[in-house]
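Structure at a glance
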4 protein chains.
Amino acid sequence: VIEVGIVGGTGYTGAELLRLLVRHPQVALRAITSRGEAGTRVDVMFPSLRGHTDLSFVAPEQAQLQRCDVVFFATPHGVAMQQAPALLAAGVRIVDLAADFRLRDPGEFRRWYRMEHACEDLVAQAVYGLPELGRAALRGARLVANPGCYPTAVLLGFAPLLREGLVDPSMLIANCASGASGSGRRAELRLALAETGESFHAYALDGHRHGAEIDQQLRVIGPQGNAHCLFVPHLLPIVRGIHSTLYARLTPAGQRADLQRAFETFYSGERFVDVMPAGSAPATRSVRASNVARIAVHRPQPDTAVVLVVLDNLVKGAAGQAVQCMNLMFGIDEGSGLEQVAVMP
Amino acid sequence: VIEVGIVGGTGYTGAELLRLLVRHPQVALRAITSRGEAGTRVDVMFPSLRGHTDLSFVAPEQAQLQRCDVVFFATPHGVAMQQAPALLAAGVRIVDLAADFRLRDPGEFRRWYRMEHACEDLVAQAVYGLPELGRAALRGARLVANPGCYPTAVLLGFAPLLREGLVDPSMLIANCASGASGSGRRAELRLALAETGESFHAYALDGHRHGAEIDQQLRVIGPQGNAHCLFVPHLLPIVRGIHSTLYARLTPAGQRADLQRAFETFYSGERFVDVMPAGSAPATRSVRASNVARIAVHRPQPDTAVVLVVLDNLVKGAAGQAVQCMNLMFGIDEGSGLEQVAVMP
Amino acid sequence: VIEVGIVGGTGYTGAELLRLLVRHPQVALRAITSRGEAGTRVDVMFPSLRGHTDLSFVAPEQAQLQRCDVVFFATPHGVAMQQAPALLAAGVRIVDLAADFRLRDPGEFRRWYRMEHACEDLVAQAVYGLPELGRAALRGARLVANPGCYPTAVLLGFAPLLREGLVDPSMLIANCASGASGSGRRAELRLALAETGESFHAYALDGHRHGAEIDQQLRVIGPQGNAHCLFVPHLLPIVRGIHSTLYARLTPAGQRADLQRAFETFYSGERFVDVMPAGSAPATRSVRASNVARIAVHRPQPDTAVVLVVLDNLVKGAAGQAVQCMNLMFGIDEGSGLEQVAVMP
Amino acid sequence: VIEVGIVGGTGYTGAELLRLLVRHPQVALRAITSRGEAGTRVDVMFPSLRGHTDLSFVAPEQAQLQRCDVVFFATPHGVAMQQAPALLAAGVRIVDLAADFRLRDPGEFRRWYRMEHACEDLVAQAVYGLPELGRAALRGARLVANPGCYPTAVLLGFAPLLREGLVDPSMLIANCASGASGSGRRAELRLALAETGESFHAYALDGHRHGAEIDQQLRVIGPQGNAHCLFVPHLLPIVRGIHSTLYARLTPAGQRADLQRAFETFYSGERFVDVMPAGSAPATRSVRASNVARIAVHRPQPDTAVVLVVLDNLVKGAAGQAVQCMNLMFGIDEGSGLEQVAVMP
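Each chain carries its own residue numbering, running from 1 in the direction its sequence is written. Here the convention is simple: chains get letters from A, ligands get numbers from 1, in the order in which they are written. Local features in this predicted model are restricted to residues whose pLDDT is 70 or higher, and side-chain atom pairs enter the listing and the counts only when it is 80 or higher, whereas totals over whole chains, interfaces and linings include all residues. The side-chain values count all of the structure's non-hydrogen atoms but skip hydrogen atoms and water molecules.

1. A short note on the overall build of chain A
Along chain A, the regular secondary structure elements total 12 helices and 14 strands. Against the 2.2 N^0.38 benchmark of 20 Å for 345 residues, chain A shows a C-alpha radius of gyration of 19 Å, consistent with a compact globule. With the C-alpha coordinates aligned to their principal axes, the bounding extent of chain A is approximately 60 × 45 × 40 Å. What makes two residues a contact is simply this: any of their non-hydrogen atoms within 4.5 Å. Restricting the contact set of chain A to residue pairs at least 6 apart, pairs at least 24 apart contribute 70%. Each accessible area is a Shrake-Rupley estimate made with a 1.4 Å probe; only the visible protein chains count as cover when residues are assessed. Summed over its atoms, the accessible surface of chain A is roughly 10,900 Å², and 47% of this surface lies on carbon and sulfur atoms. A run of H or I in DSSP counts as a helix once it spans at least four residues, and a run of E counts as a strand once it spans at least two, with each numbered from the N terminus. Each radius of gyration reported is based on C-alpha atoms, and the globular scaling rule is 2.2 Å times the count of residues to the power 0.38.

See below:
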């Protein structure tokens, strides 16, 4: 059994980790920390968990995280990098659901997260936790940077095109939309139902943290180093779900290719990436509460591919992917604890 | 032309007052105050008003409110009572959209709003601003306590039954539901879309401020003094709209009465209370953005009346009713500036 | 392993049965019928099931249902009663998710469902499938009438009060609200998002089928035979969830009783009925996609109890409860296949 | 006073025409036709109109439309073209809110609407009713083809770039999303709240009627004839609102241009197109129920412009624009009857 600790369990990714881990057959939840809620039962904050756990939040000092096999950081950015060195030194593995170990370039980290990195040396050791695009490195990994929700959707959608050289890597567009839970569990006016309900708008036109992450990883995927994606996020008046509409210019090779087959081949055997039949337009609800990303590829005009990707931002876009990474890190069945069928309608 | 000032225009009732008043043919908006937003153009905060006003928020000291004919307080509770004495002394009339002048009993005010009243003597002079249930006193009034959104719905629904002695005044139930804008424009976690979207729950089972207001006014309406209503509010995952499902035990007289006719007679000639045909179940959307309350009365069993009331919490439940009161105070057409057709779908 | 057939799997309750049964450890799905969709893969109609089943819909004649251990009817009313006699004669057990076997009185069935009953003799043998209020009869039952979604919520809420004689059984009110999936998967204008989104309204003020079912079962629960509940349903602009706000007049015994303790005692040991801590107001999202009903009891005034009940209309209100009944019928763990944690947010 | 008839008033665009026209100071509504609803009061179907009109639907034969000054067709495609010749011959002007007169090329009409055109000769006379891009031709026009909702948003957004040669006309992308009312008032499963609520998806990847309309009109705008736009629509789980995110490759001239100023200059003096301040991301709610389109232009990378456009699909995208056209046709104030402030929140 894998002994698990969670740091910062009062947000949505923390709650979702709990939803998944309390039912994971090889996991024993040992501790969940929250300074502000120390002593509060987890199911008082999240009544959905009543009957599934007796845990209470504990202060970080009390948590004895060094006794865990793995610790998930479901914290704001900047926390994991403070605690990672000691935990790793104690032999504890780490999955960081925040961004501390995603950006390789310290300058980029500083630019987008407006803080100095506390352990730049560890960044190089961190494995980017997108199993379908880099499974080998995750096997046995000690420090995993769990991807952002948008990057997961965008990277899964572009990867088959990019790796095969089917598209121009410098002219990629990702028009994305996320449900409100993607912004976290926060008391902010802009997230109020009366502000965001029955409405829709774009945001972050001047640049979004996930844009840097997307470009960095696109360059890992593509044979050339110059990939760049114009990323425009939008806020959907729903709770869960990410939808990405990706546009790419096909190269001559791409124009001759069977795109449907390229995707099916690329993701052949993957449990959590579902290439839909030709002509499909997957809805976010088709993956609600499940760890699956569904993808459809179209060629509406000869020189352009449009890829549609949906996933649940809290599962495949966060906690589910983190559990998938943990399974790989510990060499157990990659899908353990992640078999939930999507909740539809 | 009526010169108007608004104190505290950064909330939803302030924004709604602006929506109505910028198109009111007999009104000139002179000032809108906000300490925090002084200097900001109103249409920067509320882009929906672009093209309709050039006003900017001003600090209260700069607003010269004493030159206005009437000042609306769209503030948190406790502000109007601080400024009312001086303004009234300067000959300015007041419509308070908060609760400072609603509760006659200072003990009740203290109990529910947890503050001492700053001018108890003025409370007695204030007129409760529900025109359909007390129009005469509003004509020429100098200080109006604009009703709460829930009380408006509940009182309009029970009044025809209560005033005619058709129901037992001591056994009234008001099962109400409000859209999220009823809680104001606030950065609170409980109002976040990810918390309230795709969900529904009751609240304030241990008592709600509007319950005291409802009981007080029910006693004004009814021939007996003992009216009491059990009030249970719920939070709807929509932006605007209040729905009240009212239950009352019919007296023997009530059991013999033609309830449909009783309602039609009671509200005969009223522009802003619409008694629906027998058998109707009005939807909140049928009054969206309009100043109308729609009411349907049913007798599902011989001894029980069920009254359904819908209104827009920001219009007939707040800003629209305040304008209706202002129109009466100044002796102009009661419906001036309030002719908007409901927005449906 | 229990061999299962589903008749009429193209609606929401059918889809939800599939979601639960494909992961049920003791179940093998043998056939799912649909005349209109015969030959279509189930996961073409419901992409959420991709990767979880290879079944296709078959015409009823092809389904060989008589070889199953149990058949679920997720059909419109009137279908199960046509096929039940032959299946039962062949030794197949039945769980009817429609209303064919709910109403004991053939006259009531005729009145509310506007059809003659095809096998009145079987009605008497049918067991009403609400385990928490009648588990013994379900053990080994051959024909189960799965309760309606509203009745499940209302009966679970009133039962502890009624069975102990704490409330006046003749003056019960159930103010209920359901998400749109409760009306089924249908092409009807009134269910369109543009009609029901951002809105709220009551319906069926002149009587609802579930009202007859509620009254019948209340009389089974209560010591006296005269129970009656005024039932007023409302349509919520959400997909899933039922919320019931129940009102009851306390008897003198009820006024002296500790209601919280009465509920906790009554549901002690129940896995799928969760009595919330005193003062709670459960939200529908706290049970989304799970088989749990959460209940809170309040006494807002000395003579009145208010009970709040939430459940997922497609799980505890339909397919989940049907699986729970099946588990009891076959003597396996009652919670098998029903351990899903609620999806929140 | 302009005497107005409406053909086919039972859909959303018909209802919206009624909302606007009952308050239009220079309009007298003479007749509204519906074969299916003949004899029904309009406000029985649309309770939001109670108190604003006493009209009933009449059968087309009874409507005496030839006595009107103008007739609006708010019908399915294919109706206006049947009746237009006779009405025009009788001196009645026509605004068609359907697509009968939008596509100049009969082959394109046949391809997209799968019917033969009944009066191809009239197509050439029809004026495309987008005032901001072709006001002169609308003055005194006798037959107006009111634009589609998506084309209005897309054309307004691309026009300033295209007319000034700032972008490559052959590489335009329009990523659009519409509320459910854009699909009309129809009993279709795909429009049910339980299908579309809490979800988001693309559609019509294989081509949408509005794509042909967009390309045709882009070629009218641009100096070159080769404009083409890849148009991908999405369905939003809201009632009203269109959001367009437009992508264009800047030409060398475009890369040097001040895009913000280009838009401000282009729409200078326009009442119903609002160029937002630099850096804005307009929300659909900022135009709800108003005739305004709000536009923001961004340059997230040197060679790419992103234009954001929001409008209410039923107002500026349909009925409001039709009224704007009517005002121009009759030489009255272009904004008459269209001064509504957007409803926000």
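2. A closer look at the pattern of salt bridges
Basic side-chain nitrogens of Lys or Arg form a salt bridge, by our definition, when they fall within 4 Å of a carboxyl oxygen of Asp or Glu. The full count for this structure, using the stated rule, is 85 salt bridges over all chains. A salt bridge links B:E16 to B:R240; its shortest N-O distance comes to 2.7 Å. Of the two residues, B:E16 is situated in helix α1 (residues 12-21) and B:R240 in the loop between β9 (229-235) and β10 (242-250); the sequence distance between them amounts to 224 residues. Of the charged contacts in the structure, one is a salt bridge between C:R271 and C:D333, with a shortest N-O distance of 2.5 Å. Of this pair, C:R271 sits in the loop between α11 (259-266) and β12 (273-275) while C:D333 sits in the segment after α12 (315-329), and the two are 62 residues apart along the sequence. Under the scheme applied here, a residue whose accessible area is under 20% of the maximum for its type counts as buried, over 50% as exposed, and between as partly exposed, the area being computed with a 1.4 Å probe on protein chains only. Overall, the relative accessible area of 41% leaves C:D333 in the partly exposed class. In this structure, a network of salt bridges that share partners links the residues A:E16, A:R19, A:R240 and A:D312.

3. As for the interface of chain A and chain D
Of the residues lining the interface, 39 residues belong to chain A; the matching set on chain D comes to 39 residues. The largest share of the area that chain A buries against chain D comes from A:E198, A:F200 and A:L205, three residues that together contribute 20% of it. One salt bridge in this structure joins D:R285 and A:E195, with 2.6 Å as the shortest N-O distance. Any pair of N or O atoms that falls within 3.5 Å is considered a polar contact. Within protein, one atom must be able to donate a hydrogen and the other to accept it, and sequence-neighbouring residues count only if both atoms are side-chain atoms. Counting across the interface, chain A meets chain D through 20 residue pairs in polar contact (both at pLDDT 80 or more). The set of elements that each furnish at least two residues to the side of chain A that touches chain D consists of β8 (172-178), α8 (193-196), β9 (201-202), β10 (229-235), β11 (242-249), β13 (293-301) and β14 (304-311) of chain A. In terms of residue count, the dominant contributor to the side of chain A that touches chain D is β11(A) (four residues). Each residue is assigned to one class: nonpolar for Ala, Val, Leu, Ile, Met, Phe, Trp, Tyr, Cys and Pro, charged for Asp, Glu, Lys and Arg, and polar for all the others, Gly among them. Its residues placed into classes, the side of chain A that touches chain D shows 21 nonpolar, 12 polar and six charged. Two parts placed together each lose some accessible area; with a 1.4 Å probe, that loss summed over both constitutes the buried area.

4. Notes on the sheet that holds strand β9 (residues 201-202) of chain C
All names here are of chain C. By definition, two strands form a pair when at least two bridges between them are found by DSSP. Pairing is mixed in the open sheet, where seven strands are placed in the order β9-β10-β8-β11-β14-β13-β12. Two strands lie at the open edges of the sheet, namely β9 and β12, each paired on one side alone. Of the pairings in the sheet, the one linking β12 to strand β13 (residues 293-301) comprises three bridges and is parallel in character. Each residue of the ladder has a partner; that of D274, found in β13, is R294. Lying over the sheet, helix α7 (residues 149-163) contacts β8 (172-178), β10 (229-235), β11 (242-249), β12, β13 and β14 (304-311), oriented at roughly 35° with respect to β11. Axes, fitted as lines to C-alpha atoms, cover a helix only where it is in contact. Angles between the N-to-C directions of the axes lie from 0 to 180 degrees.

5. Thoughts on the interface of chain D and chain C
Many authors give the size of an interface as the accessible area that is lost as the parts come together. Chain D puts 19 residues into the contact, and the matching count from chain C is 19 residues. Interface of chain D and chain C: buried area, both sides summed, is about 1,400 Å²; carbon and sulfur atoms make up 69% of it. Sorting the residues of chain D by area buried against chain C places D:L189, D:L193 and D:A194 first, and these three jointly supply 41% of that buried surface. Seen at the junction of chain D and chain C, the total is two salt bridges. Linking C:E195 and D:R185 is a salt bridge whose minimum nitrogen-to-oxygen distance equals 3.8 Å. Seen at the junction of chain D and chain C, the total is four residue pairs in polar contact (both at pLDDT 80 or more). No other element matches helix α8 (residues 193-196) of chain D, which puts four residues into the side of chain D that touches chain C. A per-class count over the side of chain D that touches chain C returns 11 nonpolar, three polar and five charged.

6. Points about the relation of the copies chain A and chain D
When the copies are overlaid, the least-squares fit takes in C-alpha atoms only where the residue has pLDDT of at least 70 in both copies. Screw-axis analysis of chain A against chain D gives a translation of 0.0 Å along the axis, an RMSD of 0.0 Å, and a rotation angle of 180°. One copy is carried onto the other by what is essentially a two-fold rotation axis. Of all interface residues in chain A, 100% are interface residues in chain D too; the two copies therefore contact each other through one and the same surface.

7. Notes on the pairing of strand β4 (residues 70-73) of chain A
All names here are of chain A. Of the two faces of β4, the one carrying V70 and F72 and the one carrying V71 and F73 are both buried. In terms of strand pairing, strand β1 (residues 2-7) meets β4 through four bridges, oriented parallel. The residue of β4 that forms the bridge with G5 is V71. Pairing analysis gives four bridges linking β4 to strand β5 (residues 93-96), with the strands arranged parallel. Of the residues in β5, the one forming a bridge with V71 is I94. Traced from β4 through helix α3 (residues 80-89) to β5, the parallel crossover comes out right-handed. For a crossover, the right-handed case is the one in which the path from the first strand over the helix to the second runs clockwise, viewed with the strands pointing away from the viewer.

8. Things to note about the side chain of B:H210
Positionally, B:H210 belongs in helix α9 (residues 209-221). Once residues lying within four places of it in the same chain are set aside, the contact partners of B:H210 are B:R102, B:G148, B:C149, B:Y150, B:P151 and B:F231.

9. Focus: helix α12 (residues 315-329) of chain D
All names here are of chain D. Spanning 15 residues, α12 covers only 18 Å between terminal C-alpha atoms, well under the ideal 21 Å at 1.5 Å per step. Note on bend: the value at a residue is the angle between axes fitted to the seven residues ending there and to the seven starting there. Of all the bends in α12, the largest measures some 45° and sits at Q321. With its phi angle positive at about 70°, G331 sits one or two positions after the end of α12. In this analysis, the expected span of each helix is defined as 1.5 Å times one less than the number of residues it contains.

10. Here's the deal with the relation of the copies chain D and chain C
Between chain D and chain C, which share one sequence, the superposing operator has a rotation angle of 180° and an axial displacement of 0.0 Å; the RMSD is 0.0 Å. Both copies present the same face, since 100% of the interface residues in chain D are matched by interface residues at the equivalent positions in chain C.

11. Remarks on the sheet that holds strand β6 (residues 127-128) of chain D
Taken in spatial order, the seven strands of this open sheet run β3-β2-β1-β4-β5-β7-β6 (chain D), and their pairing is parallel. Each of the sheet's edge strands pairs with one partner strand only, and the pair in question is β3 (57-58) and β6 of chain D.

12. Re the confidence of the model for chain A
The predictor attaches a confidence to each residue, and that confidence, scored 0 to 100, is pLDDT. Here chain A averages 97 in pLDDT, while 100% of its residues score no lower than 70. Here the complex is predicted with pTM 0.98, and the ipTM for its interfaces comes to 0.97.

13. Observations concerning the pairing of β11(C)
Residue and element names in this part refer to chain C. Burial within β11 is extensive, with eight of its eight residues counted as buried. Side-chain alternation along β11 places I242, S244, L246 and A248 on one buried face and H243, T245, Y247 and R249 on a second face that is also buried. Taken together, the six bridges between β8 and β11 define a ladder with antiparallel strand orientation. Pairing of S178 across the sheet is with I242, part of β11. As defined by bridge partners, β11 adjoins β14 across eight bridges and the pair is classed as antiparallel. Its bridge partner lying in β14, A248 is registered against A305.

14. What to know about the packing of helix α7 (residues 149-163) of chain A against helix α11 (residues 259-266) of chain A
All names here are of chain A. It is at 10 Å that the axes of α7 and α11 come closest, and there the two elements cross at 110°. Between α7 and α11, the interaxial angle falls into the category roughly perpendicular. Note on element contacts: α11 touches α7 through L259, A262, F263 and F266, opposite G157, A159, P160, L161 and R163. For the contact of α7 with α11, the residue count by class is seven nonpolar, one polar and one charged. Comment on the angle field: the value is read as roughly parallel under 35 degrees, roughly antiparallel over 145, roughly perpendicular from 65 to 115, and oblique elsewhere.

15. What to know about the environment of C:R240
All names here are of chain C. With a relative accessible area of 4%, R240 lands in the buried category. In this structure the C-alpha to C-alpha distance between R240 and G182, which are 58 residues apart in sequence, comes to 7.4 Å. Side-chain polar atoms of R240 contact the side chain of D312, separated by 3.0 Å.

16. Let's talk about helix α9 (residues 209-221) of chain C
All names here are of chain C. For α9, spanning 13 residues, the distance from its first C-alpha to its last is 19 Å, which sits close to the expected 18 Å at 1.5 Å a residue. Most of α9 is tucked away: 10 of the 13 residues are buried. Within α9, burial applies to H210, G211, A212, E213, I214, D215, Q216, Q217, L218 and I221. Those residues of α9 hidden inside the fold are in contact with α4 (106-113), β6 (127-128), α7, β8 and β10.

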